[in-house]
Amino acid sequence: MAQIFPKSANAIARMSVYGAIFVLAFVGWAFDALNRSSYNTRAFMAREQPIPFSHAHHVGGLGLDCRYCHTSVESSSFANVPPTKTCMNCHSQIWSTSPMLEPVRASYRTGQSIPWTRVHDLPDFVYFNHSIHVSKGVGCESCHGRVDKMPLTWAVSTLQMDWCLDCHRNPAKILRPQEYITTMGYQPQGDQQELGRRLMAENHIQDTRVLTSCSTCHR
Amino acid sequence: MRTNFLAGMLLLTAAATVACRQDMHDQPKYIPLRGTEFFADGRSARPLIEGTVARGHLDDDASYYTARGSDGKFVAEFPFPVTKPVIERGQERFNIYCAPCHDSLGSGNGRIVRRGFRHPPTYHIDRLRQAPAGYLYDVISKGFGAMPDYAAQIEPRDRWAIVSYIRALQLSQNTSIMDVPADAMSVLDQEGGQ
């Protein structure tokens, strides 16, 4: 029986061993890109909400401070989503017959919660705490972006570990004075590096080794 | 040949099973804001049973928490000394919770009012200047007429801080040039003309 492959096929075989490295690398890269893509993390994707609540109107348009609604953000680990009563503070009189707000009024009448859809959701094995960040000079904007321009809320980060670590390795680049914590569109006055270094010292920010050690976030 | 095949199958199986189970991502525990199917109303945070007193919240100091003295009248004095940090805290809280309607000077022309909310009175009228501090505290805690109450959003200590800042606003809007101390007057004279 004659040979199926000519002798020159050996070269192709050798080439394909070499090529496999690239194929594997490509598969690895594609997997990583998919893992970080907003298809997987759902970053930059607005969620359908029971009421089309718009931060753009309430924060951008009316100038409300985040803490008017997210009252617990400075004092506890989580930022509360406001109870129906907070909406009714104003909507008892404003747009009080609008059908768009009927779910709010229904919730106020019956005492049933409004089933808001979560936008950010860390895995349960990660420990996150708002109050430490907010009271040490990390503004809402640094993590949540320009909320005042969002007609429906979306996340601006992957919420993956490298995102946390990227900042924990060098928080000086984003620290801001306490009075601008909830400000949107903040611009540092003067040099951010210098300001950051001063705030690092003033706020007693711990060493990078502490902030990047596993037990800080996985406790 | 056979080992290659086995190794290949193993790799495939590993690749197929990775990141499929999310048990540790969504652990069966209640974290804030997570709902439940156990209770009919779907809330994992349960309402307090009537009469529950949380630790540190006995709130038995009536003049502090209700702003009324033992005679049932509003107290005129602050329950703690009003210092600069207290007024500054009050200013910050005022701008968050009150300025949307009362505006940052307290004249009652906030943005929500301009969008159709009932117009509140300005703070700079005699009736409110003479009202005891306890009365202002009570308006924050219980609301007043068309104004909603802020008991759930503002801690008692911050309510007092806001009252101290309203007092500062009232003073600042009700002074005449004669109230300026003599030594500061000369500074004003020099710089005022520019």
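Residues numbered from 1 in each chain as written. Chains lettered and ligands numbered in written order. Predicted model: local features only at pLDDT ≥ 70, side-chain atom pairs only at ≥ 80, totals over all residues. Heavy atoms only, no water.

Bringing the overall build of chain B into the picture now. In terms of regular secondary structure, chain B is built from nine helices and zero strands. When the helices and strands of chain B are read in sequence order from the N terminus, they spell out α-α-α-α-α-α-α-α-α. Looking at the 194 residues of chain B, the share that counts as buried comes to 29%. Across chain B, the fraction of contacts at a sequence separation of at least 24, relative to all contacts at a separation of at least 6, is 49%. As displayed, chain B has an accessible area near 13,300 Å², and 58% of this comes from carbon and sulfur atoms. (Helix = DSSP H or I, 4+ residues; strand = E, 2+ residues; numbered from the N terminus. Buried < 20%, exposed > 50% of the residue type's maximum accessible area, 1.4 Å probe, protein only. Contact = heavy atoms within 4.5 Å. Areas by Shrake-Rupley, 256 points an atom, 1.4 Å probe, with all protein chains shown as cover.)

All names here are of chain A. Within the secondary structure layout, Ser107 lies in helix H6 (residues 102-110). Looking at Ser107, the relative accessible area reads 7%, which means it is buried. For Ser107, the contacting residues outside a window of four places in its chain are Thr84, Gln112, Ser113 and Ile114.

Residue and element names in this part refer to chain A. Taken together, the side chains of Val23, Phe26, Val27 and Trp29 present a nonpolar region at the surface, about 460 Å² in accessible area. With respect to the helices and strands, Val23 occurs in helix H1 (residues 9-36). With relative accessibility at 52%, the residue Val23 sits in the exposed group. (Patch = residues over 30% accessible without salt bridge, like charges linked within 9 Å, V, L, I, M, F, W, Y side chains within 5 Å. Salt bridge = Lys/Arg side-chain N within 4 Å of Asp/Glu carboxyl O.)

Take the domain arrangement of chain A next. Taken domain by domain, chain A comprises domain 1 (9-36), domain 2 (55-61 + 70-80 + 118-217) and domain 3 (82-115). A C-alpha centroid distance of 39 Å is found between domain 1 of chain A and domain 2 of chain A. (Domains from an automatic or database assignment.)

Empty space among the atoms becomes apparent when a probe as large as a water molecule is rolled across them. Space inside the second largest pocket adds up to approximately 1,300 Å³. As for the second largest pocket, its lining consists of 39 residues, of which Asn40, Pro123 and Gln160 of chain A together with Gln22 and His25 of chain B are closest to the centre. Taken together, the elements giving at least two residues each to the lining of the second largest pocket come down to H1, helix H2 (38-41), helix H9 (161-169) and helix H12 (214-217) of chain A. Tallied by class, the residues present in the lining of the second largest pocket amount to 18 nonpolar, twelve polar and nine charged. Two domains each provide a minimum of three residues to the lining of the second largest pocket, namely domain 1 (9-36) and domain 2 (55-61 + 70-80 + 118-217) of chain A. (1 Å grid on protein atoms, 1.4 Å probe; cavity = no way out; pocket = protein on both sides within 12 Å on 5 of 7 lines; lining within 4 Å. Points joined across faces, edges and corners; volume = space filled by probe spheres on them. Nonpolar A, V, L, I, M, F, W, Y, C, P; charged D, E, K, R; others polar.)

Let's shift gears to the pattern of salt bridges. Between side chains of opposite charge, pairing is possible as soon as their charged atoms come close. By the definition in use, this model includes 21 salt bridges over all chains. Between Glu74 of chain A and Arg67 of chain A there is a salt bridge, with the nearest N and O atoms lying 2.9 Å from each other. Using a relative accessible area of 7% as the deciding quantity, one classes Arg67 of chain A as buried. Between Arg129 of chain B and Asp126 of chain B there is a salt bridge, with the nearest N and O atoms lying 2.9 Å from each other. With Arg129 of chain B and Asp126 of chain B both in helix H6 (residues 126-130), this residue pair falls three residues apart, about one helical turn. Overall, Asp126 of chain B belongs to the partly exposed group, its relative accessible area being 47%. Three or more residues are tied together by salt bridges with common partners; here these are Asp65, Arg67 and Glu74 of chain A together with Arg89, Glu92, Arg93 and Asp158 of chain B.

Our focus in this paragraph is the environment of Leu195 of chain A. Within the secondary structure, Leu195 of chain A is located in helix H10 (residues 192-202). It is 37 Å that separates the C-alpha atoms of Leu195 of chain A and Tyr39 of chain A, two residues lying 156 residues apart in sequence.

Here we take up the interface of chain A and chain B. With 25 residues of chain A at the interface, the matching set in chain B holds 27 residues. Regarding the contact of chain A and chain B, the summed buried area is about 2,500 Å², with carbon and sulfur atoms giving 54% of it. At the junction of chain A with chain B, the criterion picks out four salt bridges. In this structure, the salt-bridge partner of Arg93 of chain B is Glu74 of chain A, at a minimum N-O distance of 3.1 Å. Counting the contacts that link chain A with chain B gives 13 residue pairs in polar contact (both at pLDDT 80 or more). Only helix H4 (66-69) and helix H5 (84-91) of chain A provide two or more residues apiece to the side of chain A that touches chain B. Looking at the side of chain A that touches chain B, the element that brings in the most residues is H5 of chain A, giving four residues. (Buried area = accessible area lost by both parts, 1.4 Å probe. Polar contact = N/O pair within 3.5 Å; in protein donor to acceptor, adjacent residues only side chain to side chain.)

Overall, the coordinates contain zero disulfides over all chains when judged by the stated rule. You can see Cys167 of chain A has no disulfide; the closest cysteine sulfur is in Cys143 of chain A, sitting 6.6 Å from it. Here Cys101 of chain B is not cross-linked by a disulfide; its sulfur's nearest cysteine counterpart is in Cys90 of chain A, at 5.6 Å. (Disulfide = S-S within 2.5 Å.)

Right, let's get into helix H3 (residues 84-97) of chain B. An ideal rise of 1.5 Å per residue puts 20 Å on 14 residues; H3 of chain B measures up with 20 Å between its terminal C-alpha atoms. At its buried positions, H3 of chain B is contacted by H4 of chain A together with helix H4 (99-102) and helix H8 (156-172) of chain B. (Expected span 1.5 Å × (residues − 1).)

What follows deals with the side chain of Arg93 of chain B. Along the polypeptide, Arg93 of chain B turns up in helix H3. Judged by relative accessible area, which is 3%, Arg93 of chain B ranks as buried. Apart from residues lying up to four places away in sequence, Arg93 of chain B is in contact with Arg67 and Glu74 of chain A together with Cys98, Asp158 and Ile162 of chain B.

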